[in-house]
Amino acid sequence: MKIKQYRTQFIQELSPFYDAYEAESFFYLILENKHKLRQIDLALNHELSFTEDDFMVWDSLLEELKKEVPIQYLLGKTSFYGLDFEVNENVLIPRPETEELVEWIIKENKIFDKTKKLKILDIGTGSGCIAVSLAKNLPNADVFAMDVSKKAIETAKKNAINNNVRVTFMYKNVLELELLKYEYDIIVSNPPYVRNLEKEEIKKNVLDYEPHLALFVDDNDALVFYRKIAALAQKSLLEKGQLYFEINQYLGKEMVDLLEKMNFKNIHLRKDIYDNDRMMKVNI
Ligand code: GLN
């Protein structure tokens, strides 16, 4: 069958689950990943066709997509801040909001990276997307990353190697730490922050397949990670050190209150592209 024809069938079969735009974008993502063909190649050559073996692969992907398995897990990769990252069920799929956080950190620290060796720690690194993209874009920095999941660290390590950066990984539960091992110029974290009461807002593809360990926090103590990390940062940030967080969009005010009470200075709360409170930066 011609690829062009199959495209129509693919979108049709996914129509009970995804709108045509989403289904079409999946189609082209798979085409690019599995066949190294882009939309333009198909437009220029209407005769391109699939083999029997190709169809087997496409049909099995189609079945998984009908179960709403995230396309990034099916392809085993995604892109974040212009870099390729391996992803699997042990790590959260990097989000565009987190790219905005990374961009903020890079913009503010590019200049310091030229004159000193910034020491950076990413807490709850998951796929390593924050640590790796910071290491890549702040090339003089010494980057460290921590996670409670051994499997996440394995994935993050591969992502550092594949992107040619050096990151030191630590397998630790931040909630059990009293003190960090080193002192840092920058501490950053995108910890779990979704409350159970927000569960109905979470789509099936996220809820059924992404690691709950990375997503959910106890409703009664939704800021537990932030409080702990902020307390550790107070003891371990160097002079002029900065603490950056990705936060729950509904807890911006609570976060500001928490950090004010802890005597942090220059408290900045930022919105993401969807106009939700999403990021914070503070100084000690
Ligand atoms: N923003 C993610 C989501 O809504 C959650 C990320 C996190 O818990 N740190 O799926």
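Calculation rules
Residues numbered from 1 in each chain as written. Predicted model: local features only at pLDDT ≥ 70, side-chain atom pairs only at ≥ 80, totals over all residues. Heavy atoms only, no water. UniProt positions renumbered as here; feature names shortened; annotations may be inferred. Helix = DSSP H or I, 4+ residues; strand = E, 2+ residues; numbered from the N terminus. Buried < 20%, exposed > 50% of the residue type's maximum accessible area, 1.4 Å probe, protein only. Domains from an automatic or database assignment. Contact = heavy atoms within 4.5 Å. Pairing = 2+ DSSP bridges. Axes fitted to C-alpha atoms, helices over the stretch in contact; angles between N-to-C directions. Parallel < 35°, antiparallel > 145°, perpendicular 65-115°, else oblique. Left-handed = near helix turned anticlockwise from the far one by under 90°. Nonpolar A, V, L, I, M, F, W, Y, C, P; charged D, E, K, R; others polar. Salt bridge = Lys/Arg side-chain N within 4 Å of Asp/Glu carboxyl O.

Going by what an unreviewed UniProt entry lists, the protein is known as Release factor glutamine methyltransferase and is assigned to Flavobacterium calami. Its UniProt record gives the protein a comment under Function (unreviewed entry), which states: "Methylates the class 1 translation termination release factors RF1/PrfA and RF2/PrfB on the glutamine residue of the universally conserved GGQ motif." Recorded in UniProt under Catalytic activity (unreviewed entry), the annotation for the protein is "L-glutaminyl-[peptide chain release factor] + S-adenosyl-L-methionine = N(5)-methyl-L-glutaminyl-[peptide chain release factor] + S-adenosyl-L-homocysteine + H(+)".

## With respect to the UniProt feature "domain: Release factor glutamine methyltransferase N-terminal" (unreviewed entry) in the protein
UniProt records the feature "domain: Release factor glutamine methyltransferase N-terminal" (unreviewed entry) for residues 28-76 in the present numbering. Split by type, residues 28-76 is 69% helix and 0% strand. Its first and last C-alpha atoms lie 16 Å apart.

## Description of helix 7 (residues 129-137)
Of all the nine residues making up helix 7, eight are buried; the element is thus mostly covered by neighbouring parts of the structure. Where helix 7 is concerned, the buried positions are C129, I130, A131, V132, S133, L134, A135 and N137.

## Section: the domain arrangement of the protein
Each assigned domain of the protein is listed here: domain 1 (3-67) and domain 2 (90-283). Spacing between the C-alpha centres of domain 1 and domain 2 amounts to 35 Å.

## Some points on the UniProt feature "binding site: substrate" (unreviewed entry) in the protein
Per the UniProt record, the feature "binding site: substrate" (unreviewed entry) sits at N190, P191, P192 and Y193. Tracing the chain through its elements places P191 in the loop between strand 6 (184-189) and helix 9 (204-207). Residue classification places P191 among the buried residues on the basis of a relative accessible area of 5%. Beyond its immediate chain neighbours, meaning those up to four positions away, P191 contacts A214, F225, Y226 and E246. Assignment of secondary structure puts Y193 in the loop between strand 6 and helix 9. Judged by relative accessible area, Y193 falls into the buried class, the value being 14%. Sequence-distant contacts of Y193, that is, excluding residues within four places in its chain, are made with E198, L215, V217, Y226, E246, I247, N248 and R278.

## Notes on the pairing of strand 7 (residues 237-246)
A regular strand places its side chains so that they alternate between the two faces of the sheet. In terms of burial, strand 7 is largely enclosed, as seven of its 10 residues are buried. Pairing of strand 6 with strand 7, which is carried by five bridges, proceeds in the parallel orientation. Bridge pairing in strand 7 links I187 to L243. As judged from the five bridges shared by strand 7 and strand 9 (residues 277-283), these two strands associate in the antiparallel manner. Across the sheet, F245 pairs through a bridge with M280, a residue of strand 9.

## Here we look at the packing of helix 1 (residues 3-14) against helix 4 (residues 52-66)
At their nearest, the axes of helix 1 and helix 4 sit 10 Å apart, and the two run at 20° to each other. Between helix 1 and helix 4, the angle falls in the class roughly parallel. Taken as a pair, helix 1 and helix 4 cross one another with a handedness that is right-handed. Contact with helix 1, carried on its side by Y6, F10, E13 and L14, involves F55, W58, D59, L62, L65 and K66 of helix 4 and no other residues of that element. Residue composition of the contact of helix 1 with helix 4, grouped by class: seven nonpolar, no polar and three charged.

## Remarks on the sheet that holds strand 5 (residues 167-171)
Sheet strands pair by backbone hydrogen bonding; their relative direction is either parallel or antiparallel. Strand order in the open sheet formed by seven strands is 5-4-3-6-7-9-8, with mixed pairing between adjacent strands. Strands at the two margins of the open sheet, each flanked by one partner only, are strand 5 and strand 8 (265-271). Here the strands of the sheet are splayed against their neighbours by 15° on average, with no regard to which way each runs. As paired elements, strand 3 (residues 119-123) and strand 4 (residues 142-147) share five bridges and run parallel to each other. Of the residues in strand 4, the one forming a bridge with L121 is F144. Packed onto the sheet, helix 6 (residues 96-115) meets strand 6, strand 7, strand 8 and strand 9 and runs at close to 160° relative to strand 7.

## What about the pattern of salt bridges?
One pass over the full model with this rule turns up 19 salt bridges. Between R227 and D221 there is a salt bridge, with its nearest N and O atoms 2.7 Å apart. Judged by relative accessible area, R227 falls into the partly exposed class, the value being 37%. Between D257 and K253 there is a salt bridge whose closest N-O contact spans 3.0 Å. Remark: K253 and D257 occur in helix 12 (residues 252-261); sequence separation between them is four residues, near one turn of the helix.

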